[in-house]
Amino acid sequence: MKTLWTNGTIYTMEREGETVEAALVEKDTIIATGSRAELEREYDIDTVQDLNGNVMYPGFVDSHLHMIGHGEKLLRLDLSNIDSAEEMRTTLKERVYSTPVGEWIIGEGWNENNFIDRKIFHRFELDEIAPHHPMMLTRICRHAILANTKALELAGIKDDTPDPPGGVIVRDSNLSPTGFLLDTSQELVKNSIPNVSEEYLQRALQTSVKDLTRLGLVGGHSEDLNYYGGFERTYQTFLNVIGEDLIKFKANLLIHHEVVGEMHERGYRHGGGNGYVEFGAMKIFADGALGGRTAYLSKPYNDMPETYGVAIHSLTELKELVQKARSKQMPVAIHTIGDLALEYALFAVEENPPPEGLRDRFVHGQVLRPDLIERLKNVPVVIDIQPHFVASDFPWVIERLGEERMDYSFAWKTILTEGIPCAAGSDAPIETADPLLTIYAAVMRKKYGETHAGFYPNEKLTVYEAVGLYTKGSAYAVGKENSMGLIKNGFSADFTILNEDLFQIDPEQIPTVKVVKTVVNNAIVYEKPV
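In this text, all values refer to a predicted model and were calculated from it rather than measured experimentally. (Residues numbered from 1 in each chain as written. Predicted model: local features only at pLDDT ≥ 70, side-chain atom pairs only at ≥ 80, totals over all residues. Heavy atoms only, no water.)

A closer look at the nonpolar core
Condition: Remark: nonpolar core denotes a set of buried residues (Ala, Val, Leu, Ile, Met, Phe, Trp, Tyr, Cys) joined through side-chain atoms within 4.5 Å. Only protein chains enter the accessibility calculation, which uses a 1.4 Å probe; a residue whose area is less than 20% of its type maximum is buried, one above 50% is exposed, and one in between is partly exposed. The way it works is that DSSP assigns letters per residue, a run of H or I at least four long becomes a helix, a run of E at least two long becomes a strand, and they are numbered from the N terminus. Contacts: residue pairs with any heavy atoms within 4.5 Å of one another.
Core analysis: the largest hydrophobic core is formed by 130 residues, its most contacted members being M67, I242, L290, F362, F495 and L502. In terms of residue count, helix 11 (residues 339–351) provides more of this core than any other element does, 8 residues in total. If sequence neighbours within four positions are ignored, M67 has contacts with L205, S208, V209, L212, S222, D224, F238, I242, F249 and A251. Counting 20 residues, the second largest nonpolar core, distinct from the first, contains A85, F121, I129 and M135.

The structure is reproduced here in structure tokens:
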């Protein structure tokens, strides 16, 4: 069965500006590109897919997100667009009113930096809102939560409960927990929440994948498997939702270091899978996030000089975890936001390089230094960047870091210019999963609708560079640069079809572009309603 895609603009992404008139697909693979007339002369064609003047790109792949979490955000109480403490209070009260007594109130995405007063609710204030419900509210960065007293009681958190390794139980002047829990201390509360049902998990993932394909994504690199009741249960959810006869989508699953052993005991291996759901690198968290001041810095926070952030693992522990991955013939994907966390990660992978042919990944890489950039050039590593962080974190992040660190923070252009491979993702549900908004943020360095020239405009990417991060970059990050990310002979027939040419329009218009179709393995998985 041969399908000809034609009658539009088709960007190969192999070289800037390169287009072809038509692409021929057999089953799920591109077998030829060129002019329509040439391909029709040379091949027997069964079906013609008319692009109707639209623009086709290699399929966009999000290089870092949390797919089930994205679905949960769509299903749960979304606090990410709230811009005042009073609005948050009102929203929570409305949810409490409609929730049976005793059930958990769970919210996602609050961000005090959107509030004029930067208010972080105390547990006593949450108690006034929800006196009969345990409540857990996850901060936008997912490195902090707020919990009311009932939630703390269920978690066993008391005045004398010590901080867990890699976490902080924030306390007031009386040394009593405020309900603000950072990094690993979150797990004390999360572990007290009853496991969600398998039906809920499946619904969350289905909701997520349908939304991602609506946004033009053909795949994503996701970290979910240490949550939701354990490795096998969560993995089976992916198999129940994604596949040849289910929803076609290409999910590369990062494996949290705590469940790598179980993965191998069950006979699974890095790179294994069914073509739709595959096992990726071992995930390690080296630090937290800038919003909660838990990203691990080599110099103190500018706006809170008594802290450097939080190291989730000591340098020795981080090296041991990387050694664990190597013993399983696995690359690592290390969450590194602060420069000292990145330095620790570099020490660990320099001492324990990946197996031949594999690449490690440093996720985020937001705060760098010139010496770290030089070291990054000498290791087989990809930086997973999230350009939309610029839209979300500025200008308050300048207060956190101070002007002197900004030349090497969120420095996407610098990294690419230095020849360090990068891929782009959203970190959804922390940020919007919309790749067009991420591409806009990479190119314009601001939030859509703002009128300034962009934050640190010398770090702006070209549209070609930004689109390349979602296509070639994401493929390279998982070692599929010879089979995904280009419209070329032998590559997967994964396409993102838009109604506008991103390379020809004013970049200010990028967020208004519409997804016409999303195609995975030559199958249309989303089509814009007429």
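Things to note about the environment of V363
Position of V363 relative to the elements: it lies in strand 17 (residues 360–364). By relative accessible area, V363 is classed as buried at 0%. The sequence separation of V363 and M282 amounts to 81 residues, and the corresponding C-alpha distance is 12 Å. Those residues in contact with V363, other than ones at most four positions away along the chain, are H64, A333, I334, H335, T336, D384 and Q386.

Section: the sheet that holds strand 18 (residues 381–385)
What counts is decided by this rule: When DSSP finds at least two bridges between two strands, those strands are taken to pair. To get an axis, a line is fitted to the C-alpha atoms, and for a helix only the part in contact is used. The angle between two axes follows their N-to-C directions and goes from 0 to 180 degrees.
Strand order across the open sheet formed by 8 strands is 6-13-14-15-16-17-18-19, with parallel pairing between neighbours. The sheet is open, and its two borders are formed by strand 6 (60–65) and strand 19 (422–424), each paired with just one other strand. Taking each pair of neighbouring strands and ignoring which way they run, the sheet shows an average axis angle of 25°. Sheet analysis places strand 18 next to strand 19, joined by 3 bridges and oriented parallel. Among the inter-strand pairings, D384 is bridged to a residue of strand 19, identified as A423. Strand contacts of helix 8 (residues 231–241): strand 13 (217–223), strand 14 (250–256) and strand 15 (277–285), with the helix running at about 140° to strand 15, the strand carrying the most contacts. Along the sheet, helix 11 makes contact with strand 16 (332–336) and strand 17, crossing strand 16 at roughly 160°.

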